[in-house]
Amino acid sequence: MKSTTIVVTAATALASFGPSSVAFQPTSPLSITNHHHHHHHPSSSTTLYEYIPSGFNKQSWAAFKSKEAEAKKAKNLGRMGPKGFQSRSMQSFQEALERGEAEHLLPVFNAKQRIAKGELKKEDIPYMQRG
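Definitions and limits used
Within each chain, residue numbers correspond to sequence positions counted from 1 in written order. It should be noted that, the model being predicted, local features are given only for residues of pLDDT at least 70 and side-chain atom pairs only at 80 or more, the latter also being counted only at that level, while totals for whole chains, interfaces and linings use all residues. As a rule here, side-chain values cover all heavy atoms of the structure and leave hydrogens and water aside. Only runs of H or I of at least four residues qualify as helices and only runs of E of at least two qualify as strands under DSSP, and these elements are numbered from the N terminus. With a 1.4 Å probe rolled over the protein chains alone, any residue whose accessible area is under 20% of its type maximum counts as buried; one over 50% counts as exposed, and the rest are partly exposed. In what follows, a contact means two residues having at least one pair of non-hydrogen atoms within 4.5 Å. For the area figures, the Shrake-Rupley method with a 1.4 Å probe applies, and any residue is considered shielded solely by the protein chains shown. Any two rings among Phe, Tyr and Trp, with Trp reduced to its six-membered ring, count as a pair given centres within 6.5 Å; such a pair is stacked if its planes are under 30 degrees apart, edge-to-face if over 60, and tilted if neither. pLDDT expresses, on a scale from 0 to 100, how confident the predictor is about each individual residue. We define a salt bridge as a side-chain nitrogen of Lys or Arg found within 4 Å of a carboxyl oxygen belonging to Asp or Glu. Here, patches come from residues exposed beyond 30% relative accessible area and free of salt bridges, joined within 9 Å for like charges and within 5 Å for nonpolar side chains (Val, Leu, Ile, Met, Phe, Trp, Tyr).

Notes on the overall build of the protein chain
On a plain count of helices and strands, the protein chain comes out with five helices and zero strands. Across the 131 residues of the protein chain, 7% fall into the buried class. Summarising the internal contacts of the protein chain: among those between residues at least 6 apart in sequence, 0% fall at separations of at least 24. In the structure as shown, the protein chain presents an accessible area of about 13000 Å², 60% of it carried by carbon and sulfur atoms.

What about unusual backbone geometry?
Non-glycine residue Asn 110 carries a positive phi angle of around 55°. Mapped onto the elements of the fold, Asn 110 is located in the loop between helix H3 (90-99) and helix H4 (111-117). Asn 110 gets classed as exposed once you look at its relative accessible area, which sits at 54%.

Structural notes on the packing of aromatic side chains
Taken as a whole, this structure holds three aromatic pairs when the rule is applied. Centroid distance Trp 61 to Phe 64: 5.7 Å. Interplanar angle 20°. Geometry classified as stacked. Linking Trp 61 with Phe 64, this pair stays in helix H2 (residues 58-75), spanning three residues, or about one helical turn. What makes Trp 61 buried here is its relative accessible area of 15%. Ring-pair connections join several aromatic residues into one group, and the members of that group are Phe 56, Trp 61 and Phe 64.

Some words on the confidence of the model for the protein chain
The share of residues in the protein chain with pLDDT of 70 or more is 61%, and the mean pLDDT across the chain is 74. Within the protein chain, helix H1 (residues 2-20) has the poorest average pLDDT of any element, 55, and H4 the best, 90.

Comments concerning the pattern of salt bridges
Scanning all chains against the criterion turns up three salt bridges. The shortest N-O distance in the salt bridge between Glu 50 and Lys 65 comes to 2.8 Å. Residue Glu 50 is located in the loop between H1 and H2, and its partner Lys 65 is located in helix H2; the two are separated by 15 residues in the primary sequence. The partly exposed category is assigned to Glu 50, whose relative accessible area is 43%. Taking the shortest distance from any N to any O, the salt bridge between Arg 114 and Glu 119 comes out at 3.2 Å. Here Arg 114 falls in the partly exposed class, since its relative accessible area comes to 30%. A relative accessible area of 48% places Glu 119 in the partly exposed class.

Observations concerning a nonpolar patch on the surface
Taken together, the side chains of Leu 105, Tyr 127 and Met 128 define a hydrophobic patch exposed on the protein surface, amounting to about 420 Å² of accessible area. Mapped onto the fold, Leu 105 is located in the loop between H3 and H4. Residue Leu 105 is classed as exposed on the basis of its relative accessible area, which comes to 57%.

Written out as structure tokens, the structure reads:
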């Protein structure tokens, strides 16, 4: 009994899609105009507008933009290259250890209490432990 109901329902669904599928077809064949020329010309009806903020006219906005561009050039933001920070090499760290200029940053026990007593300064605690 159920199989006949499914078949009838499926047939009804397919029949309902039949006439509506015409809506997805073009009503007329696409017309190709100017098929002798292979390059495209922009349409003369297209007009492009520039955004000009309120309070500016076209000339004052152009002057403002050029002034901003000059100020940006003067800063020379790319002078340091893509990296402003370079990590220290292991060799330079080892040489500084040997000279006594650097030391290993080991965790400090009871750091907060020792700072409170005045035994240590906050700078003496490794940066990862300062919190």
